[in-house]
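Here is what each chain is made of, one letter per residue.
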Amino acid sequence: MNAERRPNASERPNITERPNTSQRPNTEQRPSTTQQPTTEQWRGPDPASEATLRRIVDAWPQRAAVVKAPDAAASAEPWDPELPDYPPDLVPFADHPRFLVATPQQREHVRTGLWLGYNERVIATEQLVAEPGFHLVMAGGLAGSEAPLIRQAIQQALVDESFHTYLHMTAHQRTMRLRGIRERPGQPVLVTYRRLQQMMAELPEAWERDIAVLTWSVVAETCINALLALVARDRAIQPVHSLITTLHLRDESAHGSVLVHVMCELYARMNAAQRETVARCLPAALAAFAEQDRSVLRLELTEAGIEGADEILGDLAAAPQGRQLVRDFSGARRLVAELGLTDRVDFAFPEQPEWSPSADPARLPDLPEYLTEPAGTPR
């Protein structure tokens, strides 16, 4: 698919509705065992990893955003029209001369557009990439996915993801209303999903395509922290935008550990052919999450009336960091190592940044005091 073309409405993920099921990999039915290679002998779950998963599952009622802050979408956090919607230093061309000579209103229009696009991208990632892998596990399509603890952890994650979609949907709608934006330009289909579709088109067997879906889902859950942390830690933007991304980030920090455990358990039960497919899919999935879709940036520059979009994006493409969207792959690197595939996965993992939530869970952005008080505390 041409990334520069604006797809019609039927091709785009709708941020207010679940995408048409024809757009997503079909994971609703358990595949026939005759379509899968025979699973090799399994030696049982890793006790330490299982204990970690049990702690995460048991902590869910106290940790989950849907439990801790079910009304966060209607937050009373103040809105200041003078505050940016999106961190200015995250605009990939913030220092480009063409952008700097634009009017303040044009630059603010771009930042608001990037915030709206950020929410659209997060929602599409959840619906088109992360959740299909979860549904595949819950459908029992892979050996090991019937384990009660794994099913409980994945079901909790599905509840979380549905709430995250709701949070970002309402944030999107609120910004449109408060900024007086009537409609958005047509957006390209999520680049990460396009790359998944390309990979699946190369895989002839249903079980191979299932593994591609699972791999993309796991990589999504280990990489999305980086996108969330960059916005969540910025306290100079609209407070509710920081709040929503902080709530989402704190959930995803748990999901990353859950999915690493689940993938390792499933991988341990796979045979050589299935493991080879995982090794084949991992580099492509990592590259897909790193990719900066410049066609999206072009839309925002054009919509704001900023001249020189071709020059701006050409210079961005020439800069090493300008080609990458995600720059923290700490969780994915851990996944690759625990699968024993470090020598098989051809991907240039960058150094872990100082702000990485994977470096130290204590570095996660703080929640407002009213969300850390015991339930029932008067406000």
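Here the structure is shown first, and the text comes after it.
Calculation notes
Residues numbered from 1 in each chain as written. Predicted model: local features only at pLDDT ≥ 70, side-chain atom pairs only at ≥ 80, totals over all residues. Heavy atoms only, no water. Helix = DSSP H or I, 4+ residues; strand = E, 2+ residues; numbered from the N terminus. Buried < 20%, exposed > 50% of the residue type's maximum accessible area, 1.4 Å probe, protein only. Contact = heavy atoms within 4.5 Å. Areas by Shrake-Rupley, 256 points an atom, 1.4 Å probe, with all protein chains shown as cover. Phe/Tyr/Trp six-rings, centres within 6.5 Å; stacked < 30°, edge-to-face > 60°. Expected span 1.5 Å × (residues − 1). Bend = angle between axes of the 7 residues up to and from the residue.

(A) Expanded view of the overall build of the protein. Scanning the protein from N- to C-terminus turns up 12 helices and zero strands. Relative to its 379 residues, the protein shows a buried fraction of 55%. For the protein, restricting intrachain contacts to residue pairs at least 6 apart in sequence, the fraction spanning at least 24 positions comes to 82%. As displayed, the protein offers around 17,200 Å² of accessible surface, 50% of which is attributable to carbon and sulfur atoms.

(B) Quick peek at helix α12 (residues 330–338). By the burial criterion, the buried members of α12 are Ser-330, Gly-331, Ala-332, Leu-335 and Val-336. Where α12 is buried, its residues touch α7 (206–232), α8 (239–268) and α9 (272–290). The first or second residue beyond α12 is Gly-340, which carries a positive phi of 75°.

(C) Quick look at the side chain of His-96. Here His-96 shows up in the loop between α2 (65–68) and α3 (97–100). The residues contacting His-96, other than those within four sequence positions of it, are Glu-311, Ile-312 and Asp-315.

(D) The arrangement of the packing of aromatic side chains in detail. In this structure the tally under the stated criterion is six aromatic pairs. Centroid distance Phe-93 to Phe-99: 5.2 Å. Interplanar angle 70°. Geometry classified as edge-to-face. Residue classification places Phe-93 among the buried positions, given a relative accessible area of 3%.

(E) A look at α7. Taking 1.5 Å per residue, 27 residues should reach 39 Å; α7 reaches 39 Å between its end C-alpha atoms and fits that length. Maximum bend of α7: about 35°, positioned at Thr-222. Among the 27 residues in α7, 25 count as buried, and that is most of the element.

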